[in-house]
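Chain residues, written in single-letter form:
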Amino acid sequence: MIKPFYIIGFMGTGKSSLKRYLEISDHAIDLDEMFEAHVKMDISTYFEHYGEDAFRLQESKLLQQANAAYIVTGGGIVERDDNFDLMRERGVIIALDLPYEMCWDRIKDSDRPLVRRGKTTVEALYARRRPLYARADYVLDASLSTEVIAQTLYQIREEDT
Ligand code: S3P
């Protein structure tokens, strides 16, 4: 069975674009998409109705069910150590790393629930989470093109699995 590669990283690091590239030739899934299909509403609406804790609980359950060559996670997957342990045990963890200002520029006009908390709050979240992403097996420079990042992943798959 193919070993899953878990793609982690802060909002705006390009995880979804990478997924769209990877799924051309491999089975790739996005946990946020899986979540929205599962609860039949978008994440912002879900946050409004049920709050972040409920979201995190569902997110962890979906992570347990997810199975694909590439599993793209939401930025908050690192909030729970159990999630990290599961990813570590089952596959290879790849973090996309990008400076905060670049992430913020990409996400500031989106309807992500956490972005509504404002730039300073999101920056503090970024600073708190950065060392959590850094525990990944590989940390990749997300300012490189999606194609270059994907090629790196193919190479890691050859060498690591
Ligand atoms: C979140 C990131 C989002 C989504 C949710 C919470 C977070 O995913 O899961 O809004 O806590 O960072 P993206 O990283 O794909 O934007």
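Residues numbered from 1 in each chain as written. Predicted model: local features only at pLDDT ≥ 70, side-chain atom pairs only at ≥ 80, totals over all residues. Heavy atoms only, no water.

**Overview of the layout of surface pockets**
The method is simple in principle: a probe with the dimensions of a water molecule rolls over the atoms, and the space it marks as empty is what remains.
Part 1: Counted as a void, the largest pocket has a volume near 540 Å³.
Part 2: Lining the largest pocket we find 29 residues, and of these Met11, Asp32, Ile43, Gly74 and Arg112 sit closest to its centre. (1 Å grid on protein atoms, 1.4 Å probe; cavity = no way out; pocket = protein on both sides within 12 Å on 5 of 7 lines; lining within 4 Å. Points joined across faces, edges and corners; volume = space filled by probe spheres on them.)

**Quick look at the pattern of salt bridges**
Any two side chains of opposite charge can pair if their charged atoms end up close together.
Part 1: One pass over the full model with this rule turns up 13 salt bridges.
Part 2: Where Glu79 meets Arg128, a salt bridge forms, and the shortest distance between an N and an O atom there is 2.9 Å. A residue pair is termed long-range when its members are at least 10 positions apart, and Glu79 in the loop between β3 (70–72) and α4 (81–90) and Arg128 in helix α6 (residues 119–133) qualify at 49 residues.
Part 3: One salt bridge in this structure joins Lys119 and Glu101, with 3.2 Å as the shortest N-O distance. One end of the pair, Lys119, is in helix α6; the other, Glu101, is in helix α5 (residues 100–107), with 18 residues separating them in the sequence.
Part 4: With relative accessibility at 42%, the residue Glu101 sits in the partly exposed group.
Part 5: Among the charged side chains, a salt-bridge network with shared partners connects Glu52, Arg56, Glu59 and Arg117. (Salt bridge = Lys/Arg side-chain N within 4 Å of Asp/Glu carboxyl O. Helix = DSSP H or I, 4+ residues; strand = E, 2+ residues; numbered from the N terminus. Buried < 20%, exposed > 50% of the residue type's maximum accessible area, 1.4 Å probe, protein only.)

**Digging into the site of the ligand**
Part 1: Contacts to the ligand come from 13 residues, most closely from Lys15, Asp32, Arg56, Arg112 and Arg129.
Part 2: Take Lys15: an N or O atom from its side chain is 2.7 Å from an oxygen atom of the ligand.
Part 3: Measuring from an oxygen atom of the ligand, one finds a side-chain N or O atom of Asp32 at 2.7 Å.
Part 4: Burial of the ligand by the surrounding chains reaches 96%, relative to a free accessible area of 380 Å².
Part 5: With respect to the pocket detection grid, the ligand is positioned in the largest pocket.
Part 6: Taken together, the residues that form the shell around the ligand break down as 5 nonpolar, 3 polar and 5 charged. (Near = heavy atom within 4 Å. Polar contact = N/O pair within 3.5 Å; in protein donor to acceptor, adjacent residues only side chain to side chain. Areas by Shrake-Rupley, 256 points an atom, 1.4 Å probe, with all protein chains shown as cover. Sits in = over half its atoms within 2 Å of the grid points. Nonpolar A, V, L, I, M, F, W, Y, C, P; charged D, E, K, R; others polar.)

**Comments concerning the nonpolar core**
In summary, soluble globular proteins display a tendency toward joint burial of nonpolar side chains.
Part 1: Counting 53 residues, the largest nonpolar core has Ile8, Phe10 and Leu153 as the members making the most contacts within it.
Part 2: With 6 residues, helix α3 (residues 43–65) is the largest single contributor of residues to this core.
Part 3: In this structure, Ile8 is in contact with Lys15, Thr73, Ile77, Val78, Phe84, Met87, Ile93, Ile94, Ala95, Leu96, Tyr133 and Ala136, ignoring residues within four places of it in sequence. (Core = buried A, V, L, I, M, F, W, Y, C linked by side-chain atoms within 4.5 Å. Contact = heavy atoms within 4.5 Å.)

**Some remarks on α4**
Part 1: Among the residues of α4, those classed as buried are Asn83, Phe84, Leu86 and Met87. Buried residues along α4 cover an arc of 160 degrees about the axis, so they all sit on one side. Those residues of α4 that are exposed and angled more than 90 degrees off the buried face are Asp82 and Glu89.
Part 2: The elements touched by buried residues of α4 are β1 (5–9), α3, β4 (92–97) and α6. (Arc of directions from axis to C-beta.)

**Details of the environment of Ile77**
Part 1: Structurally, Ile77 can be placed in the loop between β3 and α4.
Part 2: Each C-alpha atom, one on Ile77 and one on Glu59, is 7.6 Å from the other, the two residues being 18 residues apart in sequence.
Part 3: Not counting residues within four places of it along the chain, the set of residues in contact with Ile77 comprises Ile8, Leu31, Glu59, Leu63, Asn83 and Met87.

**Brief notes about the packing of aromatic side chains**
Part 1: All chains considered together, the criterion is met by 8 aromatic pairs.
Part 2: When the centroid spacing of 4.7 Å and the interplanar angle of 40 degrees are considered together, the rings of Tyr46 and Tyr50 count as tilted. Highlighted residues: Tyr46 and Tyr50, both in helix α3, separated by 4 residues, approximately one helical turn.
Part 3: A relative accessible area of 8% places Tyr46 in the buried class.
Part 4: Over the face of the ring belonging to Phe5 we find Arg157, whose NZ or CZ atom lies 4.0 Å from the ring centre.
Part 5: Sitting over the ring of Tyr70, Arg157 keeps its end group 4.8 Å from the ring centre. (Phe/Tyr/Trp six-rings, centres within 6.5 Å; stacked < 30°, edge-to-face > 60°. Lys NZ or Arg CZ within 6 Å of the ring centre and 35° of its normal.)

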